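# Coordinates in review
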Amino acid sequence: MKILDSGQCDLEIALSSKIDLFICASGYESRAIHFATVALSADLSRKVVMPFKESKILNRANADQFFIDKGFISLPEIGESDGVAAYKEISTLLTNVAIQGKIKARLVFDYSCMTRAWYGAFISALFEFSSSLQQLEVFFCYSPAKFSRPNRPGPNLMMGPLNGFRALRAVALPVALVIGLGYEEIRAAGLREYVDPARTVLFYTDPPIDPEFLQAVRANNDSLLKSVPESDQVKHSLIDMDSTASFLHETTSDLAKNFRVVVAPLGVKPFSLLSMLLSARYQEFDVWRVSGCSLAHPSEREAEGRVLAYRLLFGT
């Protein structure tokens, strides 16, 4: 199957018809239940929650109880970095949809509180599974968080390709590094020093949902921003995912003519999602994951209120 259509859509479109499979995560952020609360008004055939092994603090107990009370099926606990386990569980869920004899299916996936390893696993499994049906409609939904100050970071511990997102490009080509900036110090600058690219392109959210996000991004990446020409800095909107996808696809396709392209989405999750979807679809660049230790406990992330929905339609 191929992708027939993709793009941002109104949430009402995702929830307007029967949903064969709804997947979300149970974590310590209060926004973990925000979209699920909204989605319960829809016709959900099967509701599944993926719980984390780690960070059973803050709002985690409340989230777990919410999903029990609302009749969600809970998968075994999965480590936040364990993309292999996430892929295995998600593949089983998708296979169960196919063996029900359906020729069409609708899935809704809430990645608001998931790690990149988890929703990367979902996308990898999804592209493999899509050929099992005549038509597959998937909605990726995200609840933005209100601003909270970034934790004081430790050094980067892991930097490398995300499983399933490596393009077959000549190793001898010079590297172009595309970074989706986050608001933690060290992350982006440390990655650039490690990769030592021939060219660096920076994406960051402007306008943001809250001006404090932009202030933190600029302050914590000040030296990096000053070292990269403005012509290689791309501002994108968090809530306009179509324009972000267009900017990113144009940038990576142009770079891929002369470089081996590495995209490292360190900031907002919708940019990470689009990076993975474009990589899986066009196979022009690698997607890298960067993680490190934090010198503070995880902090609360409260839902801002809106939900962003992005639709993929697979068909023959």
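Nothing here was measured: the structure is a model prediction, and the numbers come from that model.

## A short note on the overall build of the protein chain
When helices and strands are counted, the protein chain shows ten helices and 13 strands. The globule rule puts the C-alpha radius of gyration for 316 residues at 20 Å, and the 19 Å found for the protein chain is close to it. Over its C-alpha atoms, taken along the principal directions, the protein chain stretches across nearly 55 × 45 × 30 Å. Across the 316 residues in the protein chain, those meeting the buried criterion constitute 54%. Only carbon and sulfur atoms are counted for the fraction: they give 49% of the accessible area of the protein chain, which is about 13900 Å². Side chains of the protein chain carry 33 positive and 35 negative charges; the gap between the two charge centres is 3 Å.

## Observations regarding unusual backbone geometry
Of note, the amide linkage connecting D206 to P207 takes the cis form, showing an omega dihedral of 15°. Looking at where P207 falls in the secondary structure, it is placed in the loop between β9 (199-205) and α7 (211-220). For L58, which is not glycine, the phi torsion reads 50° and is therefore positive. Among the secondary structure elements, L58 is positioned in the loop between β3 (47-51) and α3 (60-69). Look at L58 and you get partly exposed, because its relative accessible area is 48%. Of note in this structure, I186 is not a glycine but carries a positive phi near 80°. Relative to the elements of secondary structure, I186 occurs in the loop between β8 (175-180) and α6 (187-195).

## Notes on the pattern of salt bridges
Here the structure, examined in full by the defined rule, presents 17 salt bridges. In this structure, R311 and D5 form a salt bridge, with 2.9 Å as the shortest nitrogen-oxygen distance. Of this pair, R311 sits in strand β13 (residues 308-315) while D5 is found in strand β1 (residues 2-9), placing the two residues 306 residues apart along the sequence. A residue is classified by how much of its surface remains accessible, and D5, at 37% relative accessible area, is partly exposed. E302 is paired through a salt bridge with K146; the nearest N and O atoms lie 3.2 Å apart. Here E302 is found in the loop between β12 (285-294) and β13, whereas its partner K146 is found in the loop between β6 (135-142) and β7 (153-161), with 156 residues between them in sequence. On the basis of relative accessible area, E302 is assigned to the partly exposed category, the value being 40%. By relative accessible area, which is 39% here, K146 ends up partly exposed.

## Digging into the nonpolar core
If you look at the biggest cluster of nonpolar residues, it comprises 62 residues, and the most contacted ones within it are M50, W118, L136 and F140. No other element matches helix α5 (residues 116-129), which puts nine residues into this core. Contacts of M50, omitting those with residues within four sequence positions, involve I23, C24, A25, S26, L75, I78, A86, I90, M114 and W118.

## So, the packing of aromatic side chains
Evaluation of the coordinates by the stated rule reveals 16 aromatic pairs. Seen in terms of ring centroids, Y183 and F213 are 5.9 Å apart; in terms of plane orientation they differ by 25°. Their pairing is stacked. Separated by 30 residues along the polypeptide, Y183 in the loop between β8 and α6 and F213 in helix α7 bring together distant segments of the chain. We classify Y183 as buried; its relative accessible area is 14%. Classification of F213 as partly exposed rests on a relative accessible area of 22%.

## Section: the pairing of β9
Each regular strand carries side chains that alternate between the two faces of the sheet. Within β9, six of the seven residues are buried, which leaves it mostly tucked inside the rest of the structure. The pairing of β8 with β9 spans five bridges and is parallel. Residue pairing across strands places V178 opposite V201, the latter belonging to β9. Alignment of β9 against strand β10 (residues 233-236), held across four bridges, turns out to be parallel. What sits directly across from T205, in β10, is H236.

How each quantity is defined
- For every chain, the first residue of the written sequence is number 1, and numbering continues from 1 along that sequence.
- Under the rules for a predicted model, residues below a pLDDT of 70 receive no local features and side-chain atom pairs below 80 are neither given nor counted, while totals for whole chains, interfaces and linings still include all residues.
- The basis for every side-chain value is the complete set of non-hydrogen atoms in the structure, without hydrogens or water.
- For helices the rule is a DSSP run of H or I covering at least 4 residues; for strands it is a run of E covering at least 2, with both sets numbered from the N terminus onward.
- It is over C-alpha atoms that the radius of gyration is taken, and the globule rule equals 2.2 Å times the number of residues to the power 0.38.
- Throughout this description, buried means an accessible area under 20% of the type-specific maximum (1.4 Å probe, protein chains only), exposed means over 50%, and partly exposed covers the range between.
- Note that accessible areas follow from Shrake-Rupley with a 1.4 Å probe, and for residues the cover is restricted to the protein chains shown.
- This count recognises Lys and Arg as positive and Asp and Glu as negative, with His and chain-terminal groups excluded.
- To locate a charge, the coordinates of NZ of Lys, CZ of Arg, CG of Asp or CD of Glu are taken.
- Should a side-chain nitrogen of Lys or Arg be within 4 Å of a carboxyl oxygen of Asp or Glu, the pair is scored as a salt bridge.
- Here the nonpolar core consists of buried residues drawn from Ala, Val, Leu, Ile, Met, Phe, Trp, Tyr and Cys, with membership extended through side-chain atoms lying within 4.5 Å.
- In what follows, a contact means two residues having at least one pair of non-hydrogen atoms within 4.5 Å.
- For Phe, Tyr and Trp, rings pair up if their centres lie within 6.5 Å, where Trp contributes its six-membered ring, and each pair is then called stacked (planes under 30 degrees apart), edge-to-face (over 60) or tilted (otherwise).
- Being paired, for any two strands, means DSSP has found at least two bridges between them.

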